[in-house]
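Here is what each chain is made of, one letter per residue.
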Amino acid sequence: MAYQDRNTVISILVNLAISAFVIHRLLDMNAAGLFDGPDAVNNWARVVIWLIPLGIVCTILGTILFNIGYAIVTNQPKISFVVDERDRLFERRGTLAIITFAGIGFVSAVIALALDASPLVGFNIIYFGMAFGALTADAVKFFSYRRGY
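Attention in this report is confined to the structure presented alongside it. (Residues numbered from 1 in each chain as written. Predicted model: local features only at pLDDT ≥ 70, side-chain atom pairs only at ≥ 80, totals over all residues. Heavy atoms only, no water.)

## Details of the overall build of the chain
In step 1: Helix and strand counts for the chain stand at four helices and zero strands.
In step 2: Traced from its N-terminal end to its C-terminal end, the chain shows the element sequence α-α-α-α.
In step 3: Expressed along its principal axes, the backbone C-alpha trace of the chain runs to roughly 55 × 30 × 20 Å.
In step 4: Counting all 149 residues of the chain, 32% fall into the buried class.
In step 5: Taking the intrachain contacts of the chain between residues at least 6 apart in sequence as the baseline, contacts between residues at least 24 apart amount to 79%.
In step 6: Carbon and sulfur atoms form 72% of the exposed surface of the chain, whose accessible area is close to 9400 Å².
In step 7: Of the charged side chains in the chain, 11 are positive and 10 negative, and the gap between their average positions amounts to 11 Å. (Helix = DSSP H or I, 4+ residues; strand = E, 2+ residues; numbered from the N terminus. Buried < 20%, exposed > 50% of the residue type's maximum accessible area, 1.4 Å probe, protein only. Contact = heavy atoms within 4.5 Å. Areas by Shrake-Rupley, 256 points an atom, 1.4 Å probe, with all protein chains shown as cover. Lys, Arg positive; Asp, Glu negative; His and termini not counted. Charge placed at Lys NZ, Arg CZ, Asp CG, Glu CD.)

Written out as structure tokens, the structure is:
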């Protein structure tokens, strides 16, 4: 498994874990009535703002620990950080996927708001559009590496 492959797998796992946590937390907050008052969007934002650094830290720690564990198990102490044209192509494919789904999420949120949805619904659509875009980007990169082109 290539270095970029391992990083993509960790990114997928962290994205899924963070998304599951967000869904669980938002459902708990909804059950507690935190989204009923005028501070609904503020309460939502307080949760989401902590997810950004949490996701970054989890991805960095997961990548480091997974690569160390992989090196120990496979007895491969030297990691190749060489990036070639193929790696750049796969990265561009992933970038296209995230831009596409983030854009779809944004446009969907604007449409939902135009149809009188609450701002909270609009923010959730944007957030999950971006989260799905990131997951799709990682999946595109992973399957591109598996196929080899």
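## Focus on the pattern of salt bridges
In step 1: Per the counting criterion, the structure on display carries four salt bridges.
In step 2: We note a salt bridge from Lys141 to Glu91, for which the minimum N-O separation is 3.6 Å. Separated by 50 residues along the polypeptide, Lys141 in helix α4 (residues 119-147) and Glu91 in helix α3 (residues 85-114) bring together distant segments of the chain.
In step 3: Accessibility expressed as a relative area gives 14% for Lys141, which makes it buried.
In step 4: With a relative accessible area of 43%, Glu91 lands in the partly exposed category.
In step 5: The shortest N-O distance in the salt bridge between Lys141 and Asp138 comes to 3.7 Å. (Salt bridge = Lys/Arg side-chain N within 4 Å of Asp/Glu carboxyl O.)

## Here's the deal with the packing of helix α1 (residues 3-31) against α4
In step 1: Direction vectors running N to C along α1 and α4 enclose 155 degrees, while the axes themselves pass 9 Å from each other. For the element pair α1 / α4, the angle class is roughly antiparallel. In the packing of α1 onto α4, the handedness of the crossing is left-handed.
In step 2: Across the contact of α1 with α4, the residue classes tally to 15 nonpolar, six polar and four charged. (Axes fitted to C-alpha atoms, helices over the stretch in contact; angles between N-to-C directions. Parallel < 35°, antiparallel > 145°, perpendicular 65-115°, else oblique. Left-handed = near helix turned anticlockwise from the far one by under 90°. Nonpolar A, V, L, I, M, F, W, Y, C, P; charged D, E, K, R; others polar.)

## Topic: α3
In step 1: Counted at 1.5 Å a residue, the expected span for α3 with its 30 residues is 44 Å, and the 43 Å between its end C-alpha atoms agrees.
In step 2: The complete set of buried residues in α3 reads Asp87, Phe90, Gly94, Ala97, Gly105, Ala109 and Ala112.
In step 3: Buried residues belonging to α3 abut α1 and α4.
In step 4: Taking the backbone nitrogen of Arg86 as reference, a side-chain oxygen 3.3 Å away marks Asp84 as the first, capping residue of α3.
In step 5: Just beyond α3, the residue with positive phi is Asp116, at close to 70 degrees. (Expected span 1.5 Å × (residues − 1). Polar contact = N/O pair within 3.5 Å; in protein donor to acceptor, adjacent residues only side chain to side chain.)

## Concerning the side chain of Asp87
In step 1: Position of Asp87 relative to the elements: it lies in helix α3.
In step 2: Those residues within four positions of Asp87 in sequence are excluded, and the remaining contacts are Gln4, Val82 and Tyr145.

## Re a nonpolar patch on the surface
In step 1: Among the surface-exposed residues, Ile49, Trp50, Ile52, Ile56, Val57, Ile60, Leu61, Ile64, Leu65, Ile68 and Ile72 lie close enough to one another that they form a single nonpolar patch of about 1200 Å² accessible area.
In step 2: Relative to the helices and strands, Ile64 resides in helix α2 (residues 40-74).
In step 3: The exposure class assigned to Ile64 is partly exposed, which follows from its relative accessible area of 44%. (Patch = residues over 30% accessible without salt bridge, like charges linked within 9 Å, V, L, I, M, F, W, Y side chains within 5 Å.)

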